[in-house]
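So you can see what is in the structure, the chains are spelled out below.
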Amino acid sequence: MSARVPAATDPVKAVIFDHDGVLVNTVAADFLACSALFAEHGTVLPATLWAREVCGHADGYSRLFDILLASAGHGHTPERLRERLTELWDRHFVPEHVSLMPGVRELLAQLRDAGTALAVASSSDAGWVRRWLLYYDLERYFDAVVTGDQVRRRKPDPAVHLAAAAALGVAPCHCVVVEDSLTGVAAARAAGMRVIAVPTELTRMCDYSAADQVLPGLTDVDPARLLLAPPDSRPPRAHTARRTAPDTEGP
């Protein structure tokens, strides 16, 4: 049975945020690590490939390993490549490369002041998500945090969004989700929720037409309009989602 499509008369009672790429910019560090792995094998990782097949995909790294194995020759295995990528993640997933997304604190504070229920719904594991929520002192804004290791299936399955809504005690049709990846947008729509896409610099070339709205970033989210205006009175989708992809070097 498909999820009910939210109606224009359904008031917004909760906002559900993805973690990576929405609250905290971990995507740039991930791209840097994956690019370094490719560089070690004498090749370049295209940003478009990473954006479409890795960002938001739990099995996306296996695709990267397959590409490298096809060109690296004898002596390499998926297990060894994953071990090396883990080492590169440890080098890049540090505060120097992982920053708070612009406008996060201001938006969360405004939504809290308005009495809006807030949750995090991430495909990442709990330890990873809480690491950065605690580091940037964001956890205090949220009524619930649901992660990929707490549900049976990860995005694009809607399980994590539905679990977040259930934890808040809010029906899916009364939730708005903020996502940066195509898998996140698909998961939110499958859950019967409205979704705002906020692509990162690395994913702006992707097609976000499935989202109800596409905005350049959190600083462009108007809390009053988000909570009070019916969907058909909101601004049209921005065209920023179709900008040319950046070079393969990370930002």
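Before reading on, note that the structure itself is shown above.
A brief structural summary.

About the cut-offs
- Residues numbered from 1 in each chain as written.
- Predicted model: local features only at pLDDT ≥ 70, side-chain atom pairs only at ≥ 80, totals over all residues.
- Heavy atoms only, no water.
- Core = buried A, V, L, I, M, F, W, Y, C linked by side-chain atoms within 4.5 Å.
- Buried < 20%, exposed > 50% of the residue type's maximum accessible area, 1.4 Å probe, protein only.
- Helix = DSSP H or I, 4+ residues; strand = E, 2+ residues; numbered from the N terminus.
- Contact = heavy atoms within 4.5 Å.
- Arc of directions from axis to C-beta.
- Phe/Tyr/Trp six-rings, centres within 6.5 Å; stacked < 30°, edge-to-face > 60°.
- Salt bridge = Lys/Arg side-chain N within 4 Å of Asp/Glu carboxyl O.
- Pairing = 2+ DSSP bridges.

Okay, the nonpolar core next. Counting 82 residues, the largest nonpolar core has Ile 16, Phe 17, Leu 23, Trp 50, Leu 138, Phe 142 and Leu 218 as its most contacted members. The leading source of residues in this core is helix H1 (residues 27-40), at seven residues. The contacts of Phe 142, once residues within four sequence positions are left out, are Phe 17, Leu 23, Leu 108, Leu 118, Ala 119, Val 120 and Leu 133.

All right, on to helix H7 (residues 159-168) then. Within the span of H7, buried status applies to Val 160, His 161, Ala 164, Ala 165 and Leu 168. Along the axis of H7, the buried residues cluster in a sector spanning 140°; they form a single face. At its buried positions, H7 is contacted by strand S1 (14-17), strand S4 (117-121), strand S5 (144-146), strand S6 (175-179) and helix H8 (182-190).

Glancing now at unusual backbone geometry. Most of the time, phi is negative for any residue but glycine, and the peptide bond is trans. Of note, the bond from Lys 155 into Pro 156 is cis; its omega dihedral lies within 30 degrees of zero at 15°. Following the sequence through the fold, Pro 156 ends up in the loop between S5 and H7. The phi dihedral of Asp 137 is positive, around 55°, even though this residue is not glycine. By secondary structure assignment, the location of Asp 137 is in the loop between helix H6 (126-135) and S5.

So, on to the packing of aromatic side chains. Inspection of every chain in the model, using the stated rule, returns nine aromatic pairs. An angle of 35° between the planes, with centres 6.3 Å apart, marks the rings of Trp 89 and Phe 93 as tilted. Each member of the pair, Trp 89 as well as Phe 93, is classed as buried. Between Tyr 135 and Tyr 136 the ring centres are 4.9 Å apart and the planes differ by 85°, which places this aromatic pair in the edge-to-face class. Looking at Tyr 136, the relative accessible area reads 13%, which means it is buried. Joined through ring pairs, the aromatic side chains of Tyr 61, Trp 89, Phe 93, Trp 128, Trp 132, Tyr 135 and Tyr 136 make up one cluster.

What follows deals with the pattern of salt bridges. For the coordinates displayed, the defined rule picks out eleven salt bridges. With its nearest N and O atoms 2.5 Å apart, the salt bridge here joins Glu 40 to Arg 84. Of this pair, Glu 40 sits in helix H1 while Arg 84 sits in helix H4 (residues 78-92), and the two are 44 residues apart along the sequence. For Glu 40, a relative accessible area of 42% gives the class partly exposed. Across the pair Asp 125 and Arg 154 runs a salt bridge, and its minimum N-O distance is 2.9 Å. Here Asp 125 is found in the loop between S4 and H6, whereas its partner Arg 154 is found in the loop between S5 and H7, with 29 residues between them in sequence. For Arg 154, a relative accessible area of 34% translates into the label partly exposed. Among the charged side chains, a salt-bridge network with shared partners connects Asp 18, Lys 155 and Glu 179.

Moving on, we come to the environment of Arg 105. Here Arg 105 shows up in helix H5 (residues 104-113). The spacing of Arg 105 and Tyr 141 is 36 residues in sequence and 8.9 Å in space, taken between C-alpha atoms. Setting aside residues up to four positions removed in sequence, Arg 105 forms contacts with Leu 100, Tyr 136, Asp 137, Leu 138 and Tyr 141.

Turning our eyes to something else, we now look at the pairing of S1. Neither face of S1 is exposed, since Ala 14 and Ile 16 on one face and Val 15 and Phe 17 on the opposite face are all buried. The pairing of S1 with S4 spans four bridges and is parallel. By the bridge assignment, Ala 14 is partnered in S4 with Ala 117. In the sheet, S1 pairs with S6 via four bridges, with the strands oriented parallel. Across the sheet, Val 15 pairs through a bridge with Val 176, a residue of S6.

Along H8, the residues classified as buried are Thr 183, Gly 184, Val 185, Ala 187 and Ala 188. Buried-residue contacts for H8 involve H7, S6 and strand S7 (194-197). Gly 192, located one to two residues past H8, shows a positive phi value of around 80°.

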